[in-house]
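A closer look at the structure
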Amino acid sequence: DRAAGLLGRVPQGVAVAVSLEAELLVLGSGEMLAPGERARVEDPVALLGRRLPELAAFGGDLARLPDLRERLLPRCLSECFAQNTRAEIESGLRLCASHGIDQAVFVSSPTHVARCSRDASALLEAHPDL
């Protein structure tokens, strides 16, 4: 909600990634698909690229549009194949591990963040290599 100065999940994730100078930003579509089902929503990285100018209106780090387009977008990956929250987190952690990244920040909605935290903790306990 731009009028209230509130960021949604993707703009908040971008703001966190920029402030932390993240090496990688993995964007999920939030769409849970059955095996073999085609996505019905736009690729999240393509959507981010198309809507970057809107983020500049929030100011701060998000106002650095040329920097975001040149430095952040190339470090963005889409994760659109997970079928549930746990699989999406596992995929994100595996992407980080494959890029030699040992820290991850997951951004979610307030009503979903507890499940994300629980699932990420369980995954890291079961798979310390992630």
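In this text the structure is predicted, and so the values were computed from the model without any measurement.

Parameters at a glance
- Residues numbered from 1 in each chain as written.
- Predicted model: local features only at pLDDT ≥ 70, side-chain atom pairs only at ≥ 80, totals over all residues.
- Heavy atoms only, no water.
- Helix = DSSP H or I, 4+ residues; strand = E, 2+ residues; numbered from the N terminus.
- Buried < 20%, exposed > 50% of the residue type's maximum accessible area, 1.4 Å probe, protein only.
- Areas by Shrake-Rupley, 256 points an atom, 1.4 Å probe, with all protein chains shown as cover.
- Expected span 1.5 Å × (residues − 1).
- Arc of directions from axis to C-beta.
- Contact = heavy atoms within 4.5 Å.
- Polar contact = N/O pair within 3.5 Å; in protein donor to acceptor, adjacent residues only side chain to side chain.
- Core = buried A, V, L, I, M, F, W, Y, C linked by side-chain atoms within 4.5 Å.
- Axes fitted to C-alpha atoms, helices over the stretch in contact; angles between N-to-C directions.
- Parallel < 35°, antiparallel > 145°, perpendicular 65-115°, else oblique.
- Left-handed = near helix turned anticlockwise from the far one by under 90°.
- Pairing = 2+ DSSP bridges.
- Salt bridge = Lys/Arg side-chain N within 4 Å of Asp/Glu carboxyl O.

1. Structural notes on the overall build of the protein
Within the protein one finds 5 helices and 2 strands. Counted from the first residue to the last, the protein has its helices and strands arranged as α-β-α-α-β-α-α. By the burial criterion, 32% of the 130 residues in the protein qualify as buried. Of the roughly 8000 Å² of accessible surface on the protein, a fraction of 53% belongs to carbon and sulfur atoms.

2. A few points about helix 4 (residues 85-98)
In an α-helix, one turn spans 3.6 residues; hence positions three or four apart end up facing the same way. In this model helix 4 runs 20 Å from its N-terminal to its C-terminal C-alpha over 14 residues, within 8% of the 20 Å that 1.5 Å per residue would give. Those residues of helix 4 that fall on the buried side of the exposure criterion are Thr-85, Ile-89, Gly-92, Leu-93 and Cys-96. In a view along the axis of helix 4, the buried residues occupy a sector of 95 degrees, so they form one face of it. In this fold, the buried residues of helix 4 make contact with strand 1 (25-28) and helix 5 (113-126). Where helix 4 begins, the side chain of Asn-84 points an oxygen toward the backbone nitrogen of Arg-86, at a separation of 3.2 Å. Directly after helix 4, the chain includes Gly-100, whose backbone phi takes a positive value near 70 degrees.

3. What to know about the nonpolar core
Judged by nonpolar contacts, the single largest core of 16 residues is most densely connected at Val-14, Leu-25, Leu-48, Leu-68, Leu-72 and Cys-76. Going through the elements one at a time, helix 1 (9-19), strand 1, helix 2 (44-55) and helix 3 (65-72) are the ones with two or more residues in this core. Apart from the residues within four sequence positions on either side, Leu-72 is in contact with Val-14, Ala-17, Val-18, Leu-25 and Asp-67. Ranked by size, the runner-up nonpolar core spans 6 residues in total, among them Leu-93, Cys-116, Ala-120 and Leu-123.

4. Things to note about the environment of His-127
Residue placement: His-127 occurs in the segment after helix 5. Residues His-127 and Glu-90, spaced 37 residues apart in sequence, show a C-alpha to C-alpha distance of 9.5 Å.

5. Let's talk about the packing of helix 4 against helix 5
It is the contact of helix 4 with helix 5, at a shortest axis distance of 9 Å, that shows an interaxial angle of 55 degrees. On the basis of the axis angle, helix 4 is oblique to helix 5. Judged by the sense of rotation from one axis to the other, the crossing of helix 4 with helix 5 is right-handed. Facing Thr-85, Arg-86, Ile-89, Glu-90 and Leu-93 of helix 4, the residues of helix 5 in contact are Arg-115, Cys-116, Asp-119, Ala-120, Ala-122, Leu-123 and Leu-124.

6. Focus on the pairing of strand 1
The side-chain alternation of strand 1 yields one buried face, formed by Leu-25 and Leu-27, and one unburied face, formed by Val-26 and Gly-28. Pairing geometry for strand 1 and strand 2 (residues 76-79), over 4 bridges, is parallel. What sits directly across from Val-26, in strand 2, is Leu-77.

7. A short note on the pattern of salt bridges
Inspection of the entire model under this criterion finds 3 salt bridges. Salt-bridge contacts for Arg-51 lead to Glu-54; the nearest nitrogen and oxygen are separated by 2.8 Å. Separated by 3 residues within a single helix, Arg-51 and Glu-54 lie in helix 2, roughly one turn from each other. A relative accessible area of 31% means that Glu-54 is categorised as partly exposed. Among the ionic pairs, Glu-90 bridges to Arg-94, the shortest N-O distance being 2.9 Å. With Glu-90 and Arg-94 both in helix 4 and 4 residues apart, the pair spans about one turn of that helix.

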